[in-house]
Amino acid sequence: MAGEYTASDFPPLKNDLLLRAARGEETERAPVWVMRQAGRYLPEFREVRKEHAFFEVCRTPELATKITLQPIQRFTGLIDAAIIFSDILVIPQAMGMVVEMNPGPHFPEPLVTPEDVSKLNPSVDVDKELGYVYQALTRTRHELKGEVPLIGFCGAPWTLMAYMIEGGGSKTFQLAKTWLFKYPEASKALLARIADVCVDFLVGQVKAGAQLLQVFDSWASELSPHDFATFSLPYLTHIATSVRTRLAALNIPAVPMTLFAKGANQSLDSMAATAGYDVLGLDWCIDPAEARRITGGRTALQGNMDPGLLYGGRDAIEEAVKRMCEGFKVGGKPKAWIANLGHGITPGVDPEDLRWFFQCVHKYSKA
Ligand SMILES: Cc1c2[nH]c(c1CCC(=O)O)Cc1[nH]c(c(CCC(=O)O)c1C)Cc1[nH]c(c(CCC(=O)O)c1C)Cc1[nH]c(c(C)c1CCC(=O)O)C2
């Protein structure tokens, strides 16, 4: 079951760069972490995975904590956040769907017609179904000993709905788009149901010890600006608003929230205006200075080096980091920016090249 903890239950935080940047403040240098930092590019991760299946790791708090800490231990002093080891697809599982990972996500029984929604759990007890994530967060927050803050996360309603209908990855999104455009009302009802689970899950993660929350809309790229505004943004806004309201009602201090809507750069202005997130994550298809211009001072930004640059060698990485740092600075100073890649780090990267990325961010993001 869900425990409920406050800051005083955990070791005091020694590095708050991430939280300050997320709140729009100036920092001595930019905080840095990377999406998928605990993943297959790390030999120590692959070692654990030899012995344990993917979702077994997610469901075993000791193992999830161990893997979450791997990049923090390997890159001591270079990395400014931990992200809990889990997956966005634990929400469809909690809603009653079977999800396998072999090696990519696979749903043996995806939603086919709107009638199939009746097969989902009518009311999800998120704290019970996903209590293992809360336990992993609490344990990890203790074991981090205050070195860096801990990030909790969930998938966005549109991305999760697409997985639940496609049954896995997709090139054309034929099935999910059939739903959106043939059954828009049923789609909206499903999106709203997923969003409510997201709210419970994120609130529970904060109670368990998460210090920042990130929502991943990885497949925002598949929607036109109009359809993003129709089928994604309202539910993302609902999540941000409801999480804040719920935490306030419980007298729990708010945590910063990040929205990473990959490939939705055309909608950056509307996200900054209405979504209600403190930080917007960027992929690499937008120039940092342009993203600053569009968002103005309304939100902090996170990103956005092409993960593929980590294959380009030290000189290419250094040059790209330098350019990125200059682009995000405000009046020549690091402010309201969390350095990251524009998507997750890929399995073929040499961890030493990632170390170099971190070192370059430390060097070039100073005022
Ligand atoms: C779309 C999505 C998923 N999962 C996630 C997203 C959103 C971010 C994105 O767009 O990449 C989010 C995610 N998945 C994972 C994390 C853990 C925290 C982190 O280090 O970032 C996070 C934040 C672990 C994982 N999730 C997965 C792995 C690798 C699987 C393995 O261990 O064999 C990891 C480390 C598996 C996974 N999980 C998913 C896919 C498509 C895959 C397989 C392909 C791939 O590996 O990229 C769904």
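Residues numbered from 1 in each chain as written. Predicted model: local features only at pLDDT ≥ 70, side-chain atom pairs only at ≥ 80, totals over all residues.

Some points on the overall build of the protein chain
Link 1 in the chain: Counting its regular elements, the protein chain contains 16 helices and 9 strands.
Link 2 in the chain: Over its C-alpha atoms the protein chain spans a radius of gyration of 19 Å, differing by no more than 12% from the 21 Å that the globule rule assigns to 367 residues.
Link 3 in the chain: Expressed as lengths along the three principal axes of its C-alpha atoms, the size of the protein chain is roughly 55 × 45 × 40 Å.
Link 4 in the chain: By residue count, 49% of the 367 residues in the protein chain fall in the buried class.
Link 5 in the chain: Taking the contacts inside the protein chain whose residues are at least 6 apart along the sequence as the reference set, 75% of them involve residues at least 24 apart. (Helix = DSSP H or I, 4+ residues; strand = E, 2+ residues; numbered from the N terminus. Rg over C-alpha atoms; globule rule 2.2 N^0.38 Å. Buried ≥ 20, exposed ≤ 12 C-beta atoms within 10 Å, placed from the backbone. Contact = placed C-beta atoms within 7 Å.)

Regarding the site of the ligand
Link 1 in the chain: In the vicinity of the ligand there are 22 residues, among which Arg36, Ala38, Gly39, Phe216 and Ser218 approach most closely.
Link 2 in the chain: In terms of residue class, the shell around the ligand is made up of 12 nonpolar, 6 polar and 4 charged. (Near = placed C-beta within 6 Å. Nonpolar A, V, L, I, M, F, W, Y, C, P; charged D, E, K, R; others polar.)

Details of unusual backbone geometry
Link 1 in the chain: In this chain, Asn102 is followed by Pro103 through a cis amide linkage whose omega measures -15°.
Link 2 in the chain: Tracing the sequence through the fold places Pro103 in the loop between β2 (100-101) and β3 (105-106).
Link 3 in the chain: Cis geometry is adopted by the peptide bond preceding Asn304, which originates at Gly303 and carries an omega value of -5°.
Link 4 in the chain: The phi dihedral of Lys145 falls on the positive side, at around 55°, and the residue is not glycine.

Considerations on the sheet that holds strand β6 (residues 257-261)
Link 1 in the chain: Taken in spatial order, the 7 strands line up as β1-β4-β5-β6-β7-β8-β9 in an open sheet, and their pairing is parallel. On the outer flanks of this sheet lie β1 (82-83) and β9 (337-341), each paired with one strand and no other.
Link 2 in the chain: Pairing geometry for strand β5 (residues 212-217) and β6, over 5 bridges, is parallel. By the bridge assignment, Gln214 is partnered in β6 with Thr258.
Link 3 in the chain: Along the sheet face, helix α10 (residues 184-208) touches β4 (150-155) and β5 and points at about 170° away from the line of β4. (Pairing = 2+ DSSP bridges. Axes fitted to C-alpha atoms, helices over the stretch in contact; angles between N-to-C directions.)

Topic: the UniProt feature "domain: Uroporphyrinogen decarboxylase (URO-D)" (unreviewed entry) in the protein chain
Link 1 in the chain: The positions UniProt marks with the feature "domain: Uroporphyrinogen decarboxylase (URO-D)" (unreviewed entry) are residues 31-40 and 151-167.
Link 2 in the chain: Helix makes up 0% of residues 31-40 and strand 0%. Its end C-alpha atoms lie 23 Å apart. (UniProt positions renumbered as here; feature names shortened; annotations may be inferred.)

Concerning the pairing of β9
Link 1 in the chain: For β9, a buried count of 5 out of 5 residues is recorded, marking the element as mostly surrounded by other parts of the structure.
Link 2 in the chain: Both faces of β9 are covered, namely the face carrying Trp337, Ala339 and Leu341 and the face carrying Ile338 and Asn340.
Link 3 in the chain: Note: strand β8 (residues 300-305) against β9, 5 bridges, orientation parallel. Among the inter-strand pairings, Gly303 is bridged to a residue of β9, identified as Ala339.
Link 4 in the chain: In the classification by handedness, the crossover that spans β8, the intervening helix α15 (residues 313-328) and the parallel β9 is right-handed. (Right-handed = clockwise from strand over helix to strand, strands pointing away.)

Concerning the environment of Asn340
Link 1 in the chain: In this fold, Asn340 is placed in strand β9.
Link 2 in the chain: Judged by the 28 C-beta atoms lying within 10 Å of it, Asn340 falls in the buried class.
Link 3 in the chain: As for Asn340 and Arg314, which are separated by 26 residues in sequence, their C-alpha atoms are 17 Å apart.
Link 4 in the chain: Ignoring sequence-local partners within four residues, the contact set of Asn340 consists of Val32, Trp33, Val34, Met35, Gln302 and Gly303.

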